[in-house]
Each structure stands twice: as C-alpha cells, then as structure tokens.
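Residue-level structural notes
Here are the chains, one letter per residue:
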Amino acid sequence: MEHADSAAHDDFDAFLEKFQSQPYRGGFHEDQWEEEFDKIPLFMKDAPSEIDPKDNPDLACLQSIIFDEERSPEEQAKTYKDEGNDYFKEKDYKKAVTSYTEGLKKKCADPDLNAVLYTNRAAAQYYLGNFRSALSDVTAARKLKPSHLKAIIRGALCHLELKHFADAVSWCDEGLQIDAKEKKLQEIRAKADKLRRTEQRDMRKAKLKAKKEQNQNEALLQAIKDRNITLASKAVDEDEDPASCSLGEIFLDGLSAENPYGARLNLDDHGRLNWPVLFLYPEYAQSDFISGFHEDSRFIDHLLVMFGETPSWDSERKYCPDNLEVYFEDEEREELYQVPPTKTLLQVLQHPRYVVKALTPAFLICVGASSFSKNYLRGRKVHRVK
C-alpha cells in the first residue's frame with residue numbers, strides 16, 4: 001500500500017514538473033481575457049447575428065444541435081417559436097418575425113402551434129407598425145383556432161390602428177362571446193365604438209358642408225351666368241371660344257378654395273358679388289390685392305383709398321389717383337383695353353373681351369403720360385372703353 005502511494009506521489013510530481021517546463025498554452029491572455037471569455041457560449045452577452053464556424057466553433061456546434069433537421073417539424077417549429085419569444089422579450093421585433101416565419105416554414109401538423117406562431121408574429125409586426133401584415137397573420141391564426149383570444153385581441157387592435165372602427169367592434173364582440181369578462185376586449189370595444197361614432201358624426205358634418213358648398217357654388221355660377229361674365233375654362237381647345245363652354249366646364253377651383261391671398265368670390269346678403277381683385281403696377285413690379293371688391297364699386301373709389309398716402313415704392317410721388325390709368329389685357333389678341341376709373345367693376349367684367357382667370361380679375365395700373373407708360377404701351381394696340 002505504501003508502495004502504491006509512493007508511486008502516485010511520483011506521478012503527481014512528474015505532472016507538476018511538466019507544467020513548469022512546458023507552461024499551459026490554452027489559457028486566456030491577460031490583456032484579452034474579457035474578449036476571449038465572451039466567446040464562450042455560456043458567458044456571451046450578445047450572440048452574433050451570423051455564426052461563423054471558424055470564429056465561433058462552440059456556438060456553431062450548439063446551433064447545429066438546436067436546429068437539427070433530423071428532428072420532427074413540430075420540434076423545430078417549437079424551437080423557432082422559443083427563439084422568437086426571446087427576441088420579442090428583448091424588443092428585437094424584426095428578428096422575432098424572422099424566427100416565427102422560420103417556424104411556420106416547417107409546416108408542422110400541430111394547428112395550435114401554428115396558430116401561436118401566427119399570433120406571435122402578428123404581435124411583432126404590430127410593434128413594427130406593420131398593421132396590415134399583423135392583421136393578415138391573426139386572420140390566419142383564427143382559421144386554425146377560431147377561439148384563440150390572443151389573436152382576436154391583436155386583430156381588434158390592428159383594426160383600431162387602421163381606423164377600421166366598425167371591424168374592431170365586430171372582432172371584440174366575437175371575442176366577448178368566447179369570454180364576456182375579457183377586460184382588454186371590453187376596453188378596445190369601448191374605444192373603437194366611441195371613435196366609430198365620432199367618425200360617423202364627422203362624415204355627416206362633411207357631407208352637410210360639401211352640400212352647402214355645392215349650393216353656394218351653384219348660386220355663384222348662376223350669378224356669374226346671369227351677369228354674362230366670362231370665366232376662363234380649365235381646358236379650351238385652340239379653335240374653341242371660351243365663352244361657348246358650358247357651366248360644367250368652367251374653371252371652378254376658386255369657388256371651393258380660398259384665393260392664394262386668403263380671399264374668395266362670394267355673394268353678399270343682397271345677392272351682389274364681391275370679387276378678389278389684383279392691381280398690378282408694371283413700372284415698379286409691385287402689386288396690391290383687394291380681398292373684397294364689390295361689383296358695384298368704381299375703380300376710382302379704391303384708388304382714392306389706396307393712394308391717399310404715397311406708397312413707399314413711389315419714390316417720385318407720381319402715383320396720384322387723378323394721374324392713374326386702368327387697363328386690362330386681352331391675352332388672346334395681345335391687346336389692351338383702357339378702362340375709365342369711373343366704371344364699376346361689374347361694367348368692366350361684362351365687357352365681351354374680358355375673361356376672368358382663377359376667379360380673380362386683374363388690372364394694370366399706370367401713370368398717364370409718364371415715360372414708362374409711353375414705352376410700355378408703344379407698339380401695342382390700345383382700345384378705349386367708353
């Protein structure tokens with residue numbers, strides 16, 4: 001016995017002497033021990049998205065065991081489900097979707113497991129904001145398991161996000177038939193029903209508003225037609241007279257929308273038209289906008305107000321109401337018409353050569369007998385409106 005103990009001691013001494021002469025070469029380096037420690041699967045903080053067998057042989061080995069193709073489709077699908085759940089808990093929803101998808105690809109024969117995979121993938125899609133994809137998944141889950149409450153709750157939430165409030169209520173009702181005390185469904189239903197009622201109310205208001213605007217537009221069109229005022233049409237053929245266009249073809253954008261300056265054509269309480277009008281001063285590239293030019297007002301009435309004080313851009317102080325001339329342009333013939341300032345807006349708009357564009361009449365204002373006016377009018381045919 002003593003001989004055996006002596007031999008064992010000799011072997012242990014020899015083992016120690018071996019390490020003294022040949023140091024252990026598989027240990028961690030002092031300056032890299034944390035990085036090397038993190039390569040051991042048990043102690044990894046984050047698993048690599050792509051596993052290279054050369055860089056991570058241990059992890060690759062574990063992966064091959066977990067996802068062994070020789071295992072049954074049910075076992076593989078369950079493994080992918082568990083992996084997806086882990087990603088879901090980490091809020092890595094894209095990877096969760098991938099894992100659940102891989103599980104569904106196994107086409108296992110367990111309808112309950114497939115229903116869970118669809119429902120879980122729907123939850124991940126929901127948090128990614130892919131509500132239609134999520135709704136498609138819960139619909140598939142319900143085909144496999146009609147009473148799956150989680151799928152019904154997720155579907156109701158998807159309909160809520162997609163503003164399908166009536167469908168959300170319907171899904172909740174179906175779920176409450178299975179479990180009438182399900183609080184989540186009760187909450188979703190109450191919210192969806194309230195939003196549905198609000199939506200219906202807003203739709204009624206919108207229809208009434210649209211009808212009111214339509215009536216106003218029809219009244220405006222009739223007032224324009226009664227006054228024989230010509231509006232520029234949306235699209236007129238080269239050989240077609242704008243005046244021959246039917247009311248349905250008239251350019252109506254300005255009737256239902258505000259002018260870019262914030263005004264629109266309207267009828268007052270006495271059935272008279274107020275027009276948004278633009279005055280252009282080509283000499284100084286300036287303009288004035290009149291938001292409500294009453295059709296019975298004269299041009300001189302507005303000029304007296306607008307030029308009661310000298311505008312900042314009139315450095316020569318020559319824009320005085322008595323010196324100003326008013327013109328409108330006949331673009332088709334490239335001719336000008338001089339309008340007496342004592343004319344009313346309606347009288348000018350009724351001129352057979354005046355065409356209103358975008359429901360905003362425009363006029364050129366120049367200083368009579370000025371050098372700019374003479375040059376501006378030179379070579380152009382000017383008609384005098386009486």
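To keep things clear, this report deals only with the structure shown in the data block.

**Looking at the environment of arginine 142**
Along the chain, arginine 142 falls in helix α7 (residues 131-144). Placed 13 residues apart in sequence, arginine 142 and glycine 155 show a C-alpha to C-alpha distance of 9.7 Å. Once you skip the residues sitting within four places of it in the chain, arginine 142 turns out to touch Ala151, Ile152, Trp171 and Glu174.

**Some remarks on the pattern of salt bridges**
Tallying each qualifying case throughout the model produces 20 salt bridges. Note that arginine 142 and glutamate 174 form a salt bridge whose closest N and O atoms lie 2.6 Å from each other. Within this pair, whereas arginine 142 is found in helix α7, its partner glutamate 174 is found in helix α9 (residues 165-178), the two being separated by 32 residues in sequence. Overall, arginine 142 belongs to the buried group, its relative accessible area being 17%. Across the salt bridge formed by arginine 353 and glutamate 332, the nearest N and O atoms sit 3.2 Å from each other. In this pair, arginine 353 sits in the loop between α13 (345-349) and β7 (355-356) while glutamate 332 sits in the loop between β5 (324-330) and β6 (335-339), placing the two residues 21 residues apart along the sequence.

**Observations concerning helix α10 (residues 183-226)**
Its 44 residues place the ends of α10 64 Å apart at the C-alpha level, agreeing with the 64 Å of an ideal helix rising 1.5 Å per residue. For α10, the full list of buried residues reads Leu185, Ile188, Ala192, Asp193, Asn217, Leu220, Leu221, Ala223 and Ile224. Measuring from the side-chain oxygen of the N-cap residue of α10 to the backbone nitrogen of lysine 184 gives 3.1 Å; that N-cap residue is glutamate 182. A positive phi of about 60 degrees marks asparagine 228, the residue just after α10.

**Re the packing of aromatic side chains**
Going through the model one piece at a time under the given rule, you end up with 22 aromatic pairs. Taking the centre distance of 6.3 Å and the plane angle of 20 degrees together, the rings of phenylalanine 279 and phenylalanine 299 count as stacked. Here phenylalanine 299 lies in helix α12 (residues 299-306) and phenylalanine 279 lies in strand β3 (residues 273-281), a separation of 20 residues in the sequence. Of the two residues examined, phenylalanine 279 and phenylalanine 299, each falls in the buried class. Residues phenylalanine 307 and tryptophan 313 carry aromatic rings whose centres are separated by 6.4 Å and whose planes lie at 90 degrees to one another, so their mutual orientation is edge-to-face. One exposure class covers both phenylalanine 307 and tryptophan 313, and it is buried. In textbook terms, an aromatic cluster arises when at least three aromatic residues are bridged by ring pairs, as seen for Phe279, Phe293, Phe299, Phe328, Tyr337, Tyr354 and Phe363.

Calculation notes
Residues numbered from 1 in each chain as written. Predicted model: local features only at pLDDT ≥ 70, side-chain atom pairs only at ≥ 80, totals over all residues. Heavy atoms only, no water. Helix = DSSP H or I, 4+ residues; strand = E, 2+ residues; numbered from the N terminus. Contact = heavy atoms within 4.5 Å. Salt bridge = Lys/Arg side-chain N within 4 Å of Asp/Glu carboxyl O. Buried < 20%, exposed > 50% of the residue type's maximum accessible area, 1.4 Å probe, protein only. Expected span 1.5 Å × (residues − 1). Polar contact = N/O pair within 3.5 Å; in protein donor to acceptor, adjacent residues only side chain to side chain. Phe/Tyr/Trp six-rings, centres within 6.5 Å; stacked < 30°, edge-to-face > 60°.

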